[in-house]
Amino acid sequence: MKKTAVFPGSFDPFTLGHESIVRRSLSIFDEIIIAVGSNTLKKSYYPLETRKKIILKVFKDEPRVKVDQYEGLTVDYCKRTGAGYILRGLRTAADFEFERAIAQVNKAMAPGLESVFMLTLPEHSHINSTIVRDIICNGGDASQFVPASINLKDYKGENV
Ligand code: ADP
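Residues numbered from 1 in each chain as written. Predicted model: local features only at pLDDT ≥ 70, side-chain atom pairs only at ≥ 80, totals over all residues. Heavy atoms only, no water.

## Comments concerning the overall build of the chain
Here's step 1: From N to C terminus, the chain includes 5 helices and 5 strands.
Here's step 2: When its helices and strands are written in sequence order, the chain yields β-α-β-α-β-α-β-α-β-α.
Here's step 3: Radius of gyration (C-alpha) of the chain: 15 Å, near the 15 Å computed for a compact globule of 160 residues.
Here's step 4: For the chain, the spread of C-alpha atoms along the three principal axes comes to 45 × 30 × 30 Å.
Here's step 5: In the chain, buried positions account for 44% of the 160 residues.
Here's step 6: Within the chain, counting contacts between residues at least 6 apart in sequence, those at least 24 apart form 77% of the total.
Here's step 7: A total of about 9,000 Å² of accessible surface is found on the chain, and carbon and sulfur atoms cover 55% of it.
Here's step 8: In the chain, 22 side chains carry a positive charge and 19 a negative one; their mean positions are 2 Å apart. (Helix = DSSP H or I, 4+ residues; strand = E, 2+ residues; numbered from the N terminus. Rg over C-alpha atoms; globule rule 2.2 N^0.38 Å. Buried < 20%, exposed > 50% of the residue type's maximum accessible area, 1.4 Å probe, protein only. Contact = heavy atoms within 4.5 Å. Areas by Shrake-Rupley, 256 points an atom, 1.4 Å probe, with all protein chains shown as cover. Lys, Arg positive; Asp, Glu negative; His and termini not counted. Charge placed at Lys NZ, Arg CZ, Asp CG, Glu CD.)

Put into structure tokens, the structure is as follows:
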């Protein structure tokens, strides 16, 4: 059976850390859906369409990576798409504690769904979308933290 994982997140913006988790996970899964969550309560810097456009560009040569958006619970999105796995990246002990609670709640709500965690590479453990966003908003150069194929100057943010 085809192994499909959903990699959910805000990806505001998509970083080198995210890219690495997806590329490394392609050796485990047949297909990965990068699902950009549209949370009406959480203000984003890059509009949803821009975030999707950036991710599509990063994986334009990788047909096993799909990009989508969703609202609501990740478990419901996984049920709708038929995905059996939720993929998440771990950087720190704080990430672990946060992810553990979410994964256990998800398991209670959807017992057939497995959460799979991939540990970040040491060189990516400091990369964080919030900090990258802060650099961009303050006119700094964040290019070393985002995928090489992306020139952030091509994309406009808003809602600051
Ligand atoms: P969320 O708002 O759901 O936390 P993010 O876009 O911040 O969304 O992150 C999506 C996923 O990517 C999360 O599992 C997060 O832990 C992981 N992640 C973020 N940055 C990195 C990184 N530098 N290395 C590995 N995983 C990361």
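## Describing the site of the ligand
Here's step 1: If you check the shell around the ligand, you find 17 residues, and the closest are Ser10, Phe11, Gly89, His124 and Ile127.
Here's step 2: At 2.5 Å, a side-chain N or O of serine 10 approaches an oxygen atom of the ligand.
Here's step 3: At 2.9 Å from a nitrogen atom of the ligand is found a side-chain nitrogen or oxygen belonging to threonine 120.
Here's step 4: Protein contacts shield 88% of the accessible area of the ligand, which totals 560 Å² for the unbound molecule.
Here's step 5: Put simply, the parts of the chain that give the shell around the ligand at least two residues each are β1 (4-9), α1 (16-25), β4 (85-90) and α4 (93-109). (Near = heavy atom within 4 Å. Polar contact = N/O pair within 3.5 Å; in protein donor to acceptor, adjacent residues only side chain to side chain.)

## What about the sheet that holds strand β5 (residues 114-119)?
Here's step 1: A sheet is described by the order of its strands in space; here 5 strands give the open sequence β3-β2-β1-β4-β5, paired in parallel fashion. At either end of the open sheet lies a strand with only one pairing partner, and these are β3 (65-70) and β5. Across the sheet, the mean angle from the axis of one strand to that of its neighbour is 30°, orientation sign disregarded.
Here's step 2: Where strand β2 (residues 31-37) meets β3, 6 bridges bridge the pair, whose relative direction is parallel. Paired with isoleucine 32 across the bridge in β3 is valine 65.
Here's step 3: Where α1 meets the sheet, its contacts fall on β1, β2, β3, β4 and β5, and the angle it forms with β5 comes to roughly 115°. (Pairing = 2+ DSSP bridges. Axes fitted to C-alpha atoms, helices over the stretch in contact; angles between N-to-C directions.)

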